[in-house]
Every structure is written in C-alpha cells, then in structure tokens.
Amino acid sequence: MLKRPEARIIRVKKAYYLTPNMIRVTFSGPELKGIPSGREGGNCKLTIPFDGQNYQAFVEQMQQGKKLPVRTYTVRAYREKKLEMDIDFVAHGTEGPASRWAMTAKPGSFCGFRGPSTAKVTHFESDWYVIAADMSALPLAVVTLESMPRDAKGVAVFEVATEADKQLINAPKGVGIYWLINANSHVQSHKQEVFIRKLKWPIKRRVQACVAGESGVIKSL
Ligand SMILES: Cc1cc2nc3c(=O)[nH]c(=O)nc-3n(C[C@H](O)[C@H](O)[C@H](O)COP(=O)(O)OP(=O)(O)OC[C@H]3O[C@@H](n4cnc5c(N)ncnc54)[C@H](O)[C@@H]3O)c2cc1C
C-alpha cells in the first residue's frame, strides 16, 4: 500500500488575480523540498487555517489532528529548482474557507499541504482529443493541453464566469479552444454538454477525453 504523503505547512510568496475570478497563489520555501518535478496536474489536499488563526496555533492544531477544513486543489506549476509552486483558486466568494483564504492570501500566509498525486493525464496516443472543464478544473485542463504533443488535434471547451476570465493557453495549434460564459456557477450548467453534443466526432478514429469539473456536469458530459 502507498504511504500517505506527509502534511507540510507551506507559505505564500505572492497572490494575485490572474483573471477577475481566478487567483494565482505562488507558494515558496524549503517546506516544498522533496516534491518531485513533473507533478503539474496532480492534485493535493490543502488544510485551511481558521480566519485569523496564527501560525503557532495552526501548527498545534495540525499536529493534534484536530478538524480543520481540507479541500482538493491542482498543482498548476511547480519549479523544483526555485522551490516554487503555483495553485490557481477560483474566487467564488467568502462562504467557502478555501476561496475566502485565497481571496485574502498575502506573502507569509500559510496553509497545510498534502500530496501532490502524480499528473492526471500523462499518455497521449489518440487521434483526436476532447477537453472540457469549468473554472475549478481549468488548471488541470490547461496543464493537460500544455503537456500534449504539439501535433495533437481536437477541441477544448471551457466554461468561465466572464469574458475576462479567458486565459492564454499554450495549446497545440490543432486543438480549437472554445470559451462559454456562465455568470452563475452556483447553478448546474448544460452549456458544455450542448456544445459537445453538436461536435462532429471523427468516426473511426481514437478519441481521448479529459472532462473535469462539477460532478453533475461531468455525468452529463
Ligand atoms: C481533483 C480536484 C481538483 C481540484 N482543483 C481545483 C483547482 O485547482 N482550483 C480550484 O479553484 N478548485 C479546484 N477544485 C475544486 C475545489 O476543491 C472546490 O471548489 C472546493 O469546494 C472549494 O472549497 P471552498 O472551501 O472554497 O468552498 P466549499 O466550502 O467547498 O463550498 C462553499 C460554497 O461554495 C460553492 N462552491 C465551491 N466551489 C465552487 C466553485 N468552484 N465555483 C462556484 N461555487 C463553488 C459550494 O457549492 C458551496 O455553496 C478541485 C476539485 C477536485 C476534486
């Protein structure tokens, strides 16, 4: 059985709005030592401190195994030599502890970190690819597009909150990128499904799909 990775407490180097509803948090420091490179797209468990909790109290609470909010996130980028890691957080309001934490994160802010798992999608052997994601799965989808062979072909469809939440993606030229706007991410959307149903699928060719996001939407996809 695989050993559960140790929990670390990691610190923020900088945090900024990448787009109006996406915050990039860059963590750095010796606490990241030992994380192997190539884990972009892997997921991790973040333990979120209570509002205003100081470092010492957080460390003690982690050590005593007391209940703190834990949420799953994706490693967007990891620079092993610089011991820096980026995680992109959807800023979906202050109700959720992780979103709230990211919205107020600044240099020196901290959280618990466990993981990351290995990258989710590593084998690209198909003739055509379909990538679909909402904003919370955009980090995984973008990493997947960046990792694909440069001659890959297919479509990627993303649902984001506003026009300004579109991101520049280093995708293969043969993968068409389509953006759908859904201002209300609290209500299940069918936009990706409608879009994908209308696609002309290349019959008799191998298709590989990477769909991620809210579970109801994934099921419909
Ligand atoms: C494998 C995996 C990888 C993930 N990677 C990322 C990632 O890289 N970046 C990222 O931002 N999220 C990612 N997520 C999603 C993230 O785990 C959830 O959005 C999480 O619930 C956020 O926690 P919270 O404390 O902010 O909100 P919660 O306390 O979980 O929820 C509070 C309220 O906010 C709503 N809510 C939660 N998430 C969203 C959202 N994305 N949009 C709109 N409303 C929401 C809930 O419905 C609830 O009403 C990932 C999830 C999985 C399973």
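Fair warning: this is a prediction, and the values are worked out from it, not measured in the lab. (Residues numbered from 1 in each chain as written. Predicted model: local features only at pLDDT ≥ 70, side-chain atom pairs only at ≥ 80, totals over all residues. Heavy atoms only, no water.)

1. A few points about the site of the ligand
Phase 1: Contacts to the ligand come from 18 residues, most closely from Thr72, Thr74, Asp88, Val90 and Ser99.
Phase 2: Contacts to the ligand include Asp88, whose backbone N or O atom sits 2.8 Å from a nitrogen atom.
Phase 3: Backbone polar atom of Val90 to an oxygen atom of the ligand: 2.8 Å apart, as the coordinates give it.
Phase 4: For the ligand, whose free accessible area comes to 910 Å², the fraction covered by protein is 68%.
Phase 5: Going through the elements one at a time, β4 (70–74), β6 (84–90) and α2 (97–104) are the ones with two or more residues in the shell around the ligand.
Phase 6: By residue number, the principal contributor to the shell around the ligand is β4, which donates 4 residues.
Phase 7: Grouping the amino acids of the shell around the ligand by side-chain chemistry returns 6 nonpolar, 9 polar and 3 charged. (Near = heavy atom within 4 Å. Polar contact = N/O pair within 3.5 Å; in protein donor to acceptor, adjacent residues only side chain to side chain. Areas by Shrake-Rupley, 256 points an atom, 1.4 Å probe, with all protein chains shown as cover. Helix = DSSP H or I, 4+ residues; strand = E, 2+ residues; numbered from the N terminus. Nonpolar A, V, L, I, M, F, W, Y, C, P; charged D, E, K, R; others polar.)

2. Quick word on the domain arrangement of the protein chain
Often, the extent of an interface is quoted as the loss of accessible area upon association of its parts.
Phase 1: Each assigned domain of the protein chain is listed here: domain 1 (8–114) and domain 2 (128–220).
Phase 2: Centre-to-centre separation of domain 1 and domain 2, based on C-alpha positions: 25 Å.
Phase 3: Taken together, the contact pairs 13 residues of domain 1 with 15 residues of domain 2.
Phase 4: Note on domain 1 versus domain 2: buried area summed over both sides is about 1,100 Å², and carbon and sulfur give 63% of it.
Phase 5: At the boundary of domain 1 with domain 2, the tally comes to 1 salt bridge. (Domains from an automatic or database assignment. Contact = heavy atoms within 4.5 Å. Buried area = accessible area lost by both parts, 1.4 Å probe. Salt bridge = Lys/Arg side-chain N within 4 Å of Asp/Glu carboxyl O.)

3. Some words on helix α3 (residues 138–147)
Phase 1: In terms of burial, α3 is largely enclosed, as 8 of its 10 residues are buried.
Phase 2: Taken together, the buried positions of α3 are Leu138, Pro139, Leu140, Ala141, Val142, Val143, Thr144 and Leu145. (Buried < 20%, exposed > 50% of the residue type's maximum accessible area, 1.4 Å probe, protein only.)

4. Digging into the sheet that holds strand β11 (residues 207–212)
Phase 1: Here we have 4 strands laid out as an open sheet, ordered β10-β9-β8-β11, and parallel in their pairing. With one partner strand each, in any of the chains shown, β10 (174–181) and β11 form the two edges of the open sheet. When strand polarity is set aside, the average angle formed by the axes of neighbouring strands in this sheet is 10°.
Phase 2: Pairing between strand β9 (residues 153–160) and β10: 8 bridges, direction parallel. Among the inter-strand pairings, Lys153 is bridged to a residue of β10, identified as Gly174. (Pairing = 2+ DSSP bridges. Axes fitted to C-alpha atoms, helices over the stretch in contact; angles between N-to-C directions.)

5. Some remarks on the pairing of β9
Phase 1: Of all 8 residues in β9, 7 are buried; the element is thus mostly enclosed.
Phase 2: Relative to β9, strand β8 (residues 128–133) is paired through 5 bridges, and the arrangement is parallel. Bridged to Ala132 within β9 is Val157.
Phase 3: Tracing the backbone out of β8, into α3 and back to the parallel element β9 gives a crossover that is right-handed. (Right-handed = clockwise from strand over helix to strand, strands pointing away.)

6. Here we look at the side chain of Thr74
Phase 1: Mapped onto the secondary structure, Thr74 falls in strand β4.
Phase 2: Residues in contact with Thr74, not counting those within four places in the same chain, are Gly41, Gly42, Asn43, Asp86, Ile87, Pro139 and Leu140.

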